Amino acid sequence: TRIVRVGGAQMGPVARSDTKERTVERLIALLRAAHGRGCELVVFPELALTTFFPRWYAEPGEMDGYFETEMPGPATRPLFEEARRLGVGFYLGYAELSVQAAGARRFNTSILVDGSGVIVGKYRKIHLPGHSDYENERRHQHLEKRYFEVGDTGFRVWDAFGGRVGMAICNDRRWVETYRVMGLQDVEIILIGYNTPAADSLSDEPEELRMFHNHLTMQAGAYQNSTWVVGVAKAGIEDGHRLIGGSAIIAPTGEIVAQASTDADELIVADCDLDRCHYYRANIFNFARHRRPEFYQRIVSQ
Ligand code: ING
């Protein structure tokens, strides 16, 4: 067995008026609680430092206060220092402003930090949901295409925490390709932060259906690629807009082994035995023996 004790650090709401410093204090409290439960890896949500600002319409430059130009930066350094002191690694989702020679680039980003506080991996969100311009017919806006570029890192897998660790962000979890591209890199645990509005902006889709789809997509991805999946929400009502909770740790069998029961800051913990990935990967989902890529061309050509 190769046990990694993983903590899913679900967050409750972050209001527009909350400071990054105050929010980082909440992350540190969750990190300490996870350390107290023996976790060596903690997964924080997507855009964990701020409110889910893509619900608001503004000129892109006006939103730069929500972005990080350095990581760690002044607001996040205390988190990195405490994590290193406790020897706990973490996944952190945040808005990245990358200043390059060709100009500023903005991404919805996550990083993987090891137990010594070193950033060992970075992922920039590829599947950006929503739209880029104000759309009157919507009950609320979802402007990720306005504020972020499509990520340029690809879906990668890193050797960390004694196994093969992959990352994705929120909407990525709804696309089968996300999991398979990492499954083909022998991923054993995929970390996914999310901020999912409870209400659809165009239909009366019930909230229960939202939660069903949240778990369905991650459970399917886990089972079909024989990998652990850890999905962690920022949840609750942010300035009147509800985000769903339902953070979960899912085994390679597709079974949920730990699930949040509130919409607040809540830690869920599971012992993830990475060796449990091998049975299905060697048999039912033995990619080399059973997959027939010659019949899949349409997936990558269209
Ligand atoms: N949020 C949502 C998500 O994919 C969404 C957007 C919700 C799209 C429900 C489709 C259906 O969970 C983010 N941030 O991607």
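From a predicted model like this one, the values you see are computed outputs, not experimental measurements.

Asks: It is not clear to me how the UniProt feature "domain: CN hydrolase" (unreviewed entry) in the chain should be interpreted in this structure. Could you clarify?
Replies: Under the feature "domain: CN hydrolase" (unreviewed entry), the UniProt entry names residues 4-274. Strand forms 31% of residues 4-274 and helix 21%; the C-alpha atoms that close the span are 7 Å apart.

Asks: Quick question: what am I supposed to make of the confidence of the model for the chain here?
Replies: Close reading of the predicted structure is inappropriate where its pLDDT is low. When pLDDT is averaged across the chain, the result is 98; 100% of the residues are at 70 or more. Predicted complex, confidence summary: ipTM 0.96, pTM 0.98.

Asks: Is there a simple way to explain the packing of aromatic side chains in this structure?
Replies: Each aromatic ring pair is specified by the distance between its two centres and by the angle formed by the two planes. One pass over the structure, following the stated rule, counts 12 aromatic pairs. Considering the side-chain rings of Y57 and Y134, the 5.6 Å spacing of their centres and the 90° angle between planes classify their relative orientation as edge-to-face. One end of the pair, Y57, is in the loop between β2 (41-43) and α2 (77-86); the other, Y134, is in the loop between β5 (119-124) and α3 (144-147), and 77 residues separate them in sequence. Residue classification places Y57 among the partly exposed residues on the basis of a relative accessible area of 40%. In this structure Y134 comes out as partly exposed when scored by relative accessible area, which is 46%. Three or more aromatic residues link up through ring pairs in this structure, and these residues are F53, Y66, F67, Y147 and F148. R16 extends its terminal NZ or CZ atom over the ring of W56, reaching a point 4.2 Å from the ring centre. Over the aromatic face of Y194 sits the side chain of R173, whose NZ or CZ is 4.3 Å from the ring centroid.

Asks: It is not clear to me how the sheet that holds strand β12 (residues 248-250) should be interpreted in this structure. Could you clarify?
Replies: In sheet architecture, strand pairing relies on hydrogen bonds along the backbone and comes in two forms, parallel and antiparallel. Reading across the sheet, the 6 strands line up as β6-β7-β8-β9-β12-β13 and stay open at both edges, with mixed pairing between neighbours. Two strands close off the open sheet at either side, each with one partner strand: β6 (157-160) and β13 (256-259). Averaged over neighbouring strand pairs, the angle between their axes works out to 20° when direction is ignored. Alignment of β6 against strand β7 (residues 163-169), held across 4 bridges, turns out to be antiparallel.

Asks: Which parts of the structure should I look at to understand the site of the ligand?
Replies: If you check the shell around the ligand, you find 14 residues, and the closest are E144, C170, N171, R174 and T196. The contact in question runs from an oxygen atom of the ligand to an N or O atom on the side chain of N171, over 2.7 Å. T196 is positioned with one of its side-chain polar atoms (N or O) 2.7 Å from an oxygen atom of the ligand. Spatially, the ligand is embedded in the second largest pocket. Each residue belonging to the shell around the ligand can be placed in one class, and the counts come to 4 nonpolar, 4 polar and 6 charged.

Each value, and the rule that gives it
Residues numbered from 1 in each chain as written. Predicted model: local features only at pLDDT ≥ 70, side-chain atom pairs only at ≥ 80, totals over all residues. Heavy atoms only, no water. UniProt positions renumbered as here; feature names shortened; annotations may be inferred. Helix = DSSP H or I, 4+ residues; strand = E, 2+ residues; numbered from the N terminus. pLDDT = per-residue confidence, 0-100. Phe/Tyr/Trp six-rings, centres within 6.5 Å; stacked < 30°, edge-to-face > 60°. Buried < 20%, exposed > 50% of the residue type's maximum accessible area, 1.4 Å probe, protein only. Lys NZ or Arg CZ within 6 Å of the ring centre and 35° of its normal. Pairing = 2+ DSSP bridges. Axes fitted to C-alpha atoms, helices over the stretch in contact; angles between N-to-C directions. Near = heavy atom within 4 Å. Polar contact = N/O pair within 3.5 Å; in protein donor to acceptor, adjacent residues only side chain to side chain. 1 Å grid on protein atoms, 1.4 Å probe; cavity = no way out; pocket = protein on both sides within 12 Å on 5 of 7 lines; lining within 4 Å. Sits in = over half its atoms within 2 Å of the grid points. Nonpolar A, V, L, I, M, F, W, Y, C, P; charged D, E, K, R; others polar.

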